[in-house]
Amino acid sequence: MLVLTLPDGSTREVAPGTPARDVVATIGERLLRAAIAVSVNGETLDLGTPLRTGGSFRVFTERDAESLAVLRHSGAHILATAVRRLRPDARIGFGPAIDDGFYYDFGVDKPFTPEDVEAFEAEMKKVIAEKYPFVREEIDRAEANKRFVDDPLKLERIADLGADEVISTYTDGPFIDLCRGPHVPDTSYLKHFKLLHTAGAYWRGDEKRPMLQRIYATAFWKKEDLDGYLFRIEEAKRRDHRVLGKTLDLFLFSQVSPGSAFWTERGTIIYNELTEFVRERQREHFLEIKTPLLYNKSLWETSGHWGKYRENMFLIHNKETEELDSSLKPMNCPSHYVLYSAKKHSYRELPKRFVTFDVLHRNELTGALSGLTRVRQFQQDDCHVFLMESQIAPEVQFLMDFILGYYETFGLTAKLKFATRPEVRVGDDAMWDRAEQALEAALKSTGKAYELKAGDGAFYGPKIDFDVEDSLGRAWQLGTIQLDYAAPERFDLQYTSEDNTAHRPVVIHRAVSGSFERFIAILIEHFAGAFPVWLSPEQVRVLPIADDLAPVAEEITKKMKAAGIRAHLDARSDTLNYRIREGEMMKVPYMAVVGKREAEAGTIAVRERGQGKKQEIVSVDAFIARVVDEVRTRALPLKVEAAG
Ligand SMILES: [Zn+2]
Ligand SMILES: [Zn+2]
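Notes on the structure follow. (Residues numbered from 1 in each chain as written. Chains lettered and ligands numbered in written order. Predicted model: local features only at pLDDT ≥ 70, side-chain atom pairs only at ≥ 80, totals over all residues. Heavy atoms only, no water.)

Right, let's talk about the coordination of the zinc ion (ligand 2) for a bit. Protein-derived coordination of the zinc ion (ligand 2) comes from Cys 333 (SG), His 384 (NE2) and His 509 (ND1), at a distance range of 2.0 to 2.3 Å. Each donor residue of the zinc ion (ligand 2) lies on the same chain, and together they follow the pattern C-x50-H-x124-H. With His 384 in strand E22 (residues 377–387) and His 509 in strand E29 (residues 506–515), this pair connects stretches of sequence that are 125 residues apart. Under the relative-accessibility criterion, His 509 is labelled buried at 8%. (Donors = N, O, S within 2.8 Å, 3.2 Å for Na, K, Ca; no water. Helix = DSSP H or I, 4+ residues; strand = E, 2+ residues; numbered from the N terminus. Buried < 20%, exposed > 50% of the residue type's maximum accessible area, 1.4 Å probe, protein only.)

Spelled out as structure tokens, the structure:
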């Protein structure tokens, strides 16, 4: 007999081979109706699966995250059922659930058209209405080979199965698939789904194998979740920084320098405002330095990059030795160590925080480059702290406050991840114990929730990563605080302690934005291009309603500029509506309309971005004071265009 232990500690004894459904029935009728699947010792099984082992037993309903993957994978079967009905020639590959939905791969002679996909979706609705149960059958290899004789991809899969593996098939109505499961009880469980797009995909990801047609889809338990998801993918497309970067004229890329952005005068304003903001926040407690971009290989030999990282560096040819023996720096750390080592440091100077905005280069393959998120040239808000081990906890606390405060300015929220010692690492266990304890103590003292990523630390020390969530709910890994015990050894870093002897400091690597390039990409998408006033390349557009008001409008523009506002005059003879629409397209936060009455009264009619046709008549001076204040406080837009 198998002994199953339920979450409440009670047990059930059943004969091997009993379907999971029968066990659920002993717990309760209502639970059986709500059950989607079960878990035995952490393995998800469907209700029809005969149980083979005892152990912990849980029932999954719609409320458990695990059941969504079961629904989605079942959706893949339903998709294949529909495709086979309409295209009997389609050979079937794999159909797994993925993060946001599911897909199924088909071998077909000509690619699916959008019309095909539409027809498949309609056919799926029929399969769902027909409410076919997913029937599991366990068969032997000979039988399996017979059943899938027309599906070479499945035959290949069967050949790969180990001798003692259970071979199972699932049938829903007319369709049979080789599959381990689990699935929902019948096809009617799939209610809210959508086929999204098709793409070519090599069989088993191998480019020497045939190209299959992959249909991507998604499914949810609730209609509002599906709608929210579809809205978010549309929004993500609309906000794509590569598209907005063009429309808003912020940056461009050229084949003459792949992966390195050309920043327009408008994009450069954003870049500079960001660096200036970081500079301002760092002025009091950090030391800004500049170090060379070009280094001999000896530095990279000391740091270990020459052996492990060389293929990602841009190597430089040496005229005298005819060798590629120097490189552009791919990271700042070693150069900071060189500067630190050039002088003696007393314990009283620690922690010492070097920061830099130097240009970095990494030799990414051209195929991997993508907009501003994957580039070859970039700048980081990079910091290296040299400190005594006893200073780690307060220092980490200080750096965390700094990082979280920075994200808040943009309305971004961060999730913290604590990554501990990996398998391959330097240093002894005592060192790791101390480092992890110090880092965790600092984390705990913030009172913020964090996720433990055991074994995910760097080889030289544990770290805290900051995953930032944007207004579309997408997570981006940005900031990091990494303890490093290895670099001080390699570079023989020292400080002089109270008793006048030499000691090793610890190094902390800290980044906040990651790279400015990637951070700007995230901001563009987060704000959908509608930047806060302080970041907006153009803050106010002044629009005289008629030609004869242009001189007054010009005076007003000058006055704004004198107050430090990025104001532009648009006195073109196009209609006011046309000029307003253009300003809206460029996401200018304020448009100041100058009419006859206003000109006489020293006022302007202000239209605020996102407020439609609403106008507010204010005095020029009051308006200037307001904008200056918004820039000074780096105020966020009233509402960041959020999704869902
Ligand atoms: Zn399946
Ligand atoms: Zn570093």
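In this section: the pairing of strand E1 (residues 2–5). In E1, alternate side chains face the same way, and those of Leu 2 and Leu 4 are buried while those of Val 3 and Thr 5 on the opposite face are not. Bridge count for E1 against strand E2 (residues 11–14) is four bridges, and the pairing is antiparallel. Its bridge partner being in E2, Val 3 is matched across the sheet by Glu 13. The turn joining E1 and E2, which pair antiparallel and follow one another in sequence, is formed by five residues; a positive phi near 95° is taken by Gly 9. Bridge count between E1 and strand E5 (residues 55–60): two bridges; the pairing is parallel. (Pairing = 2+ DSSP bridges.)

Attention now moves to the side chain of Asp 64. Along the chain, Asp 64 falls in the loop between E5 and helix H3 (65–86). Apart from residues lying up to four places away in sequence, Asp 64 is in contact with Arg 58 and Val 59. (Contact = heavy atoms within 4.5 Å.)

Attention now moves to the coordination of the zinc ion (ligand 1). The zinc ion (ligand 1) binds to the protein through His 73 (NE2), His 77 (NE2), Cys 179 (SG) and His 183 (NE2), with metal-donor distances spanning 1.9 to 2.1 Å. What the four donor atoms of the zinc ion (ligand 1) show is an angle range of 90 to 125° at the metal, which sorts the shape as tetrahedral. Donor residues for the zinc ion (ligand 1) sit on one chain with the sequence pattern H-x3-H-x101-C-x3-H. (Tetrahedral: all angles 85-135°; square planar, octahedral: opposite > 155°, others 65-115°.)

Right, let's talk about the packing of aromatic side chains for a bit. Ring pairs (aromatic) are described by centroid distance and by the angle formed between their planes. As enumerated under the stated definition, the model contains 31 aromatic pairs in all. With a centroid separation of 5.1 Å and 75° between ring planes, the pair formed by Phe 459 and Tyr 460 is classed as edge-to-face. With a relative accessible area of 16%, Tyr 460 lands in the buried category. Ring pairs connect the aromatic residues Phe 277, Tyr 406, Tyr 407, Phe 410, Phe 466, Phe 519 and Trp 534, which therefore count as one cluster. It is Arg 281 that lies over the ring of Phe 402; its NZ or CZ is 4.4 Å from the centre. Its guanidinium or amino end placed over the ring of Phe 459, Lys 308 lies 5.5 Å from that ring's centre, counting from NZ or CZ. (Phe/Tyr/Trp six-rings, centres within 6.5 Å; stacked < 30°, edge-to-face > 60°. Lys NZ or Arg CZ within 6 Å of the ring centre and 35° of its normal.)

This part is about the packing of helix H9 (residues 265–282) against helix H16 (residues 516–526). Packing of H9 against H16 leaves a shortest axis separation of 11 Å and a crossing angle of 110°. By the angle between their directions, the pair H9 and H16 is classed as roughly perpendicular. As for how H9 packs across H16, the hand of that crossing is right-handed. Only Phe 516, Glu 517, Phe 519, Ile 520 and Leu 523 of H16 make contact with H9, whose side of the interface consists of Ile 270, Tyr 271, Leu 274, Thr 275 and Val 278. A class-by-class count of the residues in the contact of H9 with H16 yields eight nonpolar, one polar and one charged. (Axes fitted to C-alpha atoms, helices over the stretch in contact; angles between N-to-C directions. Parallel < 35°, antiparallel > 145°, perpendicular 65-115°, else oblique. Left-handed = near helix turned anticlockwise from the far one by under 90°. Nonpolar A, V, L, I, M, F, W, Y, C, P; charged D, E, K, R; others polar.)

Within this structure, the stated rule accounts for 56 salt bridges. Where Glu 235 meets Arg 238, a salt bridge forms, and the shortest distance between an N and an O atom there is 2.9 Å. Placement of the pair is Glu 235 and Arg 238 together in helix H7 (residues 223–239), with a separation of three residues, close to one helical turn. Judged by its relative accessible area of 8%, Glu 235 falls in the buried class. In this structure Arg 238 comes out as partly exposed when scored by relative accessible area, which is 40%. The closest approach of N and O atoms between Arg 566 and Glu 273, which form a salt bridge, is 2.8 Å. A residue pair is termed long-range when its members are at least 10 positions apart, and Arg 566 in the loop between helix H17 (550–562) and strand E31 (567–569) and Glu 273 in helix H9 qualify at 293 residues. Exposure class is identical for Arg 566 and Glu 273. Each is buried. (Salt bridge = Lys/Arg side-chain N within 4 Å of Asp/Glu carboxyl O.)

The next thing to look at is the sheet that holds strand E19 (residues 323–328). Spatial strand order, E17-E19-E18: three strands in an open sheet with antiparallel pairing. Two strands close off the open sheet at either side, each with one partner strand: strand E17 (294–296) and strand E18 (315–318). Strand after strand, the sheet turns through a mean of 45° between neighbouring axes, direction not considered. Sheet topology places E18 next to E19; four bridges connect them, and they run antiparallel.

Strand order in this open sheet of three strands is E9-E10-E11, and the pairing throughout is antiparallel. Here the strands that pair on one side only, and so sit at the sheet edges, are strand E9 (135–139) and strand E11 (175–178). Shown here is a sheet whose adjacent strand axes are inclined to one another by a mean of 25°, direction ignored. In this sheet, E11 lies alongside strand E10 (residues 167–172) in antiparallel orientation, the contact comprising four bridges. Bridge pairing in E11 places Tyr 170 opposite Asp 177.

To continue, consider unusual backbone geometry. Note that the residue after Gly 181, namely Pro 182, is joined by a cis bond; omega there is 0°. Considering the arrangement of structural elements, one finds Pro 182 in the loop between E11 and strand E12 (192–202). That bond from Leu 350 to Pro 351 is cis: its omega, -5°, falls within 30 degrees of zero. By the element assignment, Pro 351 lies in the loop between helix H12 (333–341) and strand E20 (352–356). At Asn 41, a residue that is not glycine, the phi angle is positive and equals roughly 50°. Summarising the element assignment, Asn 41 is placed in the loop between strand E3 (37–40) and strand E4 (43–45). Judged by relative accessible area, Asn 41 falls into the partly exposed class, the value being 48%.

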